[in-house]
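Coordinates in review
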Amino acid sequence: MASAQGDVAAGPAWQRLQQHYETARGLQLRELFDADPTRGETFTATAGELYVDYSKHRLTAETLELLVALAEERGVPEQFAAMVTGQKINTTEGRAVLHTALRAPRGTVVEVDGVDVVPGVHEVLDKMAGFADSVRSGEWKGHTGKRIRTVINIGIGGSDLGPAMAYDALLPFTQRDLDFRFVSNVDGADIYEATRDIEADETLFIVSSKTFTTQETLANAHTARDWLLGKLGDESAVAKHFVAVSTNASAVGEFGIDTDNMFGFWDWVGGRYSFPSAIGLSLMIAIGPDGFRELLAGMREIDEHVRTTPLDRNVPVLLGLIGVWYRDFFGAQAHAVLPYSNYLGKFPAYLQQLDMESNGKYVRKDGELVTVDTGPIVWGTPGTNGQHAYYQLIHQGTTMIPADFIGIARPAEEIGEHQDLLVANLFAQTEALAFGKTPDEVRAEGVAEDLVQHKTFPGNRPTTTILAAELTPRVLGQLVATYEHKVFTQGVIWGINSFDQWGVELGKVLAKRIAPELTEAEVDLAHDSSTNTLIRRYRSMRGR
Ligand SMILES: O=P(O)(O)OC[C@H]1O[C@H](O)[C@H](O)[C@@H](O)[C@@H]1O
């Protein structure tokens, strides 16, 4: 009986993997490729328009079979079915997890508590489309009758990273006479720099917050409101320059935004999974409703791929399983995501929330502590910049860092030979990481003996390469959904709840307590001696 509950390490599939690891740990990529000249063709899969090469991994067909057996034992397909049919798999919050319903075509039925949620999804999408079109065309006028020139999304975490990442990724598809900015940090510098050079009567603020209680977002929204009123001097201007995206209509109303200007979503959309919801409003204004629908269609393709493809060719499942192989058997602590596309510059940051907030857990769904390692540290920046900075450690350091290399074949603009140079670097890196350079190869180049070891590359460093022909809205949707379901797969394997985030709460509570202590020097401090001293030092630096 397939079960995502309980200790994965106690099951037979894990034990078989453990045994297999004893020999597999010695696998050498050079030998694997020598033994099977077709490996680079057969250890590949496609999902939507994504071509995925997982041949440069320290695994064999047997490893994959054992990993797939683990996915079966843990009930990955059954859990996926439970998720997409609206069962309350987010057990600690008693919620369904239905970001897949956000990209369900009209007419599909997805029920939560007996109510079909799909018509509501499309109602909001239609309302967003009408609004986006009116801003794009200039029909939507600001307080003084001018059209909007700058759109500022105010939000943080899942209410910021998705649209901010996707806006950069899809820049060539955006309406270039509109400027988009994303304000997230409670550091006043963020809102100050975003507003210092623009006209209030040409600016639209989108206040995005699922809960509409997030301290940073509300502070920025209040400052934005004060800025606007300071410039335009009339309370009635707010209606023309502020809209909200939230699940919390009453808090939106209390803030002073007319709920007619609110775009809703639902508690079954997790923050870090919310970017295909109304949280994507800024992106929809940027790329237009048709572009946004393409993005949703790309996500839907991957949802369908996961639902219908056997596990051994199921790309998000395979990526999840390969991640488990390194995390839990090789003890790899980090996972790098290295996009060879400048437009994907914020993709690793987006994935950090998606992956680390979902799977950075030490308690299982059944309330017991995990006995195996869970989510890795996810990081990365666009190639080739990283090559001249930290790749040294990936090539010759003492820590194994499995990495995803993401490449795009056709750039939005062909500029001389840039694209081929860029992609040559991508292929060169994965080749160098996999196969390295032996001491004999170094010697054959005439290198002095005392430098041979320094110039040797151990190789055998694992990478996945993901290639797409073009970075379109549809392909971006496919990429995002692929990683969403990769993270889902791993959560099921580990038996954790990938959809809560209790680990962010304590810091929020303490910050609320500390904030007034910073301004009032008389308040008695009852923290530890480090925190007390830091507060006093800060007060004195602030002249308090
Ligand atoms: O959208 P909001 O309710 O403002 O939440 C914004 C973010 O902050 C929270 O603390 C959570 O850690 C994130 O998952 C969430 O995306």
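One can find the structure itself at the top, above this paragraph.
Model, not experiment: these values are computed from the prediction. (Residues numbered from 1 in each chain as written. Predicted model: local features only at pLDDT ≥ 70, side-chain atom pairs only at ≥ 80, totals over all residues. Heavy atoms only, no water.)

1. A word on the sheet that holds strand β6 (residues 179–183)
In any sheet, the strands associate via hydrogen bonds between backbone groups, in a parallel or an antiparallel arrangement. The cut-off we apply is this: Criterion used throughout: strands pair if DSSP finds at least two bridges between them. Think of it this way: any DSSP run of H or I at least four residues long counts as a helix, any run of E at least two long counts as a strand, and we number them from the N terminus. Interaxial angles span 0 to 180 degrees and are taken between N-to-C directions of axes, which are lines fitted to C-alpha atoms, for helices over the stretch in contact. Any two residues having at least one pair of non-hydrogen atoms within 4.5 Å are treated as being in contact.
Read from one edge of the open sheet, 5 strands run β6-β5-β7-β8-β9, paired in parallel fashion. Pairing within the sheet leaves two strands with one partner each, and these edge strands are β6 and β9 (262–264). Between one strand axis and the next, the sheet turns through 20 degrees on average, direction left out of account. Across 5 bridges, strand β5 (residues 150–154) lies against β6 in parallel orientation. Across the sheet, residue Asn 153 finds its bridge partner in β6, namely Phe 182. Set on the sheet, helix α6 (residues 118–137) makes contact with β7 (203–208), β8 (242–246) and β9; between it and β9 the angle comes to about 145 degrees. The strands that helix α8 (residues 188–195) touches are β5, β6 and β7; relative to β6, the one it contacts most, it runs at about 170 degrees.

2. Digging into the sheet that holds strand β2 (residues 50–53)
Strands sit in the order β1-β2-β13-β12-β10-β11 across an open sheet of 6 strands; the sheet is mixed. Looking at which strands have only one partner, the edges of the open sheet turn out to be β1 (44–47) and β11 (377–379). The sheet shows a mean angle of 20 degrees between the axes of neighbouring strands, taken without regard to direction. Alignment of β2 against strand β13 (residues 463–470), held across 3 bridges, turns out to be antiparallel.

3. Regarding the site of the ligand
Note the threshold: For each residue, the test is whether any non-hydrogen atom lies within 4 Å of the molecule or strand; if one does, the residue is near. Throughout this description, a polar contact denotes any pair of N or O atoms lying within 3.5 Å of each other; where both atoms belong to protein, one of them has to be capable of donating a hydrogen while the other can accept it, and for residues adjacent in sequence the pair is counted only when both atoms sit in side chains. Method remark: on a 1 Å grid restricted to protein atoms, a set of points is classed as a cavity if a 1.4 Å probe fits but cannot get out and as a pocket if it is open with protein on both sides within 12 Å along at least five of seven lines; lining residues have an atom within 4 Å of a point. Think of it this way: if more than half of a molecule's atoms are within 2 Å of a pocket's grid points, that molecule is in the pocket or cavity. Residues were grouped as follows: Ala, Val, Leu, Ile, Met, Phe, Trp, Tyr, Cys and Pro as nonpolar; Asp, Glu, Lys and Arg as charged; and all remaining residues, including Gly, as polar.
Among the 13 residues in the neighbourhood of the ligand, the closest are listed as Ser 159, Ser 209, Thr 211, Thr 214 and Glu 357. Within the contact set of the ligand, an oxygen atom lies 2.6 Å away from a side-chain nitrogen or oxygen of Thr 211. Gln 353 places a polar side-chain atom, nitrogen or oxygen, 3.3 Å from an oxygen atom of the ligand. Using a 2 Å cut-off from the grid points, one finds that the ligand occupies the largest pocket. Tallied by class, the residues present in the shell around the ligand amount to 2 nonpolar, 8 polar and 3 charged.

4. Some remarks on the nonpolar core
One broad rule of soluble globular proteins: the nonpolar side chains tend to lie buried together. Quick note on the threshold: What makes a nonpolar core is a set of buried Ala, Val, Leu, Ile, Met, Phe, Trp, Tyr and Cys residues whose side-chain atoms join them at distances within 4.5 Å. Exposure categories follow from relative accessible area, calculated using a 1.4 Å probe and restricted to protein chains: below 20% of the type maximum is buried, above 50% is exposed, and the middle band is partly exposed.
Leu 204, Trp 268, Ile 285, Trp 325, Phe 347, Leu 476 and Ile 493 are the most contacted members of the largest nonpolar core, which totals 124 residues. Ignoring sequence-local partners within four residues, the contact set of Trp 325 consists of Leu 17, His 20, Tyr 21, Ala 24, Arg 58, Leu 59, Thr 63, Leu 67 and Phe 330.

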